[in-house]
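Summary of structural features
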Amino acid sequence: FIDLPSSWNHFSQNGKSLAGKAYASYRFQVLVPDSCPMLGFRFFDQGTDFEIFVNGKSILRDGQPNSQGFSTANFLPQTVFFQVTDTKLDIIIH
């Protein structure tokens, strides 16, 4: 596991250090009360391309996440809100 937010330049996997130009997907689940109709994310400084999915639906993308090591993101602060339709949210960030 890796602590977030952080750089993974100091992290190793299978005895090998990860390069600064790597990619990953993060998945986590959030339990929310029934009385929570809307939530959101605010990104102040995202240093790479990314896409966020909530319960399988893309809610925000900046650039085009890829494995080739180039970036097309705008790197601007962004806020996105989404309707909560379940008490368990499956969140994936690529």
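Residues numbered from 1 in each chain as written. Predicted model: local features only at pLDDT ≥ 70, side-chain atom pairs only at ≥ 80, totals over all residues. Heavy atoms only, no water.

Turning our eyes to something else, we now look at the overall build of the protein. Counting secondary structure elements, the protein contains zero helices and eight strands. Going from the N terminus to the C terminus, the protein shows its helices and strands as β-β-β-β-β-β-β-β. Taken over 94 residues, the protein has a buried fraction of 26%. Partitioning the intrachain contacts of the protein with sequence separation of at least 6 by distance along the chain shows that 61% fall at a separation of at least 24. When the accessible surface of the protein is split by element, carbon and sulfur atoms take 54% of a total near 7000 Å². (Helix = DSSP H or I, 4+ residues; strand = E, 2+ residues; numbered from the N terminus. Buried < 20%, exposed > 50% of the residue type's maximum accessible area, 1.4 Å probe, protein only. Contact = heavy atoms within 4.5 Å. Areas by Shrake-Rupley, 256 points an atom, 1.4 Å probe, with all protein chains shown as cover.)

Here we take up the sheet that holds strand 8 (residues 88-93). Reading across the sheet, the four strands line up as 3-8-5-6 and stay open at both edges, with antiparallel pairing between neighbours. One side of each edge strand has no neighbouring strand; the edge strands of this open sheet are strand 3 (26-31) and strand 6 (57-62). Going from strand to strand, the sheet's axes swing by 15° on average, the running direction of each strand aside. Pairing between strand 5 (residues 50-54) and strand 8: three bridges, direction antiparallel. (Pairing = 2+ DSSP bridges. Axes fitted to C-alpha atoms, helices over the stretch in contact; angles between N-to-C directions.)

Mapped onto the elements, Asp90 comes out in strand 8. Side chain to side chain, Asp90 and Arg27 meet in a polar contact 2.8 Å long. Those residues in contact with Asp90 that sit more than four places away from it in its chain are Arg27, Phe28, Gln29, Phe53, Val54 and Asn55. (Polar contact = N/O pair within 3.5 Å; in protein donor to acceptor, adjacent residues only side chain to side chain.)

Looking at the secondary structure, you find Thr48 in the loop between strand 4 (38-43) and strand 5. When the C-alpha positions of Thr48 and Asn74 are compared, they lie 8.9 Å apart, and in sequence the two are 26 residues distant.

According to the stated counting rule, one finds one salt bridge in the structure shown. With a shortest N-O distance of 2.8 Å, Asp90 and Arg27 are connected by a salt bridge. One end of the pair, Asp90, is in strand 8; the other, Arg27, is in strand 3, with 63 residues separating them in the sequence. (Salt bridge = Lys/Arg side-chain N within 4 Å of Asp/Glu carboxyl O.)

So, on to unusual backbone geometry. In the Ramachandran plot, Asn55 falls in the positive-phi region, its phi being about 50° despite a non-glycine side chain. Structurally, Asn55 can be placed in the loop between strand 5 and strand 6. Given the relative accessible area of 36%, Asn55 is considered partly exposed.

Attention shifts here to the confidence of the model for the protein. A residue-level look at the protein finds 73% of positions with pLDDT of 70 or above and a mean pLDDT of 81. Taken element by element, the predicted model of the protein shows its lowest mean pLDDT in strand 1 (residues 12-13) (75) and its highest in strand 8 (94). (pLDDT = per-residue confidence, 0-100.)

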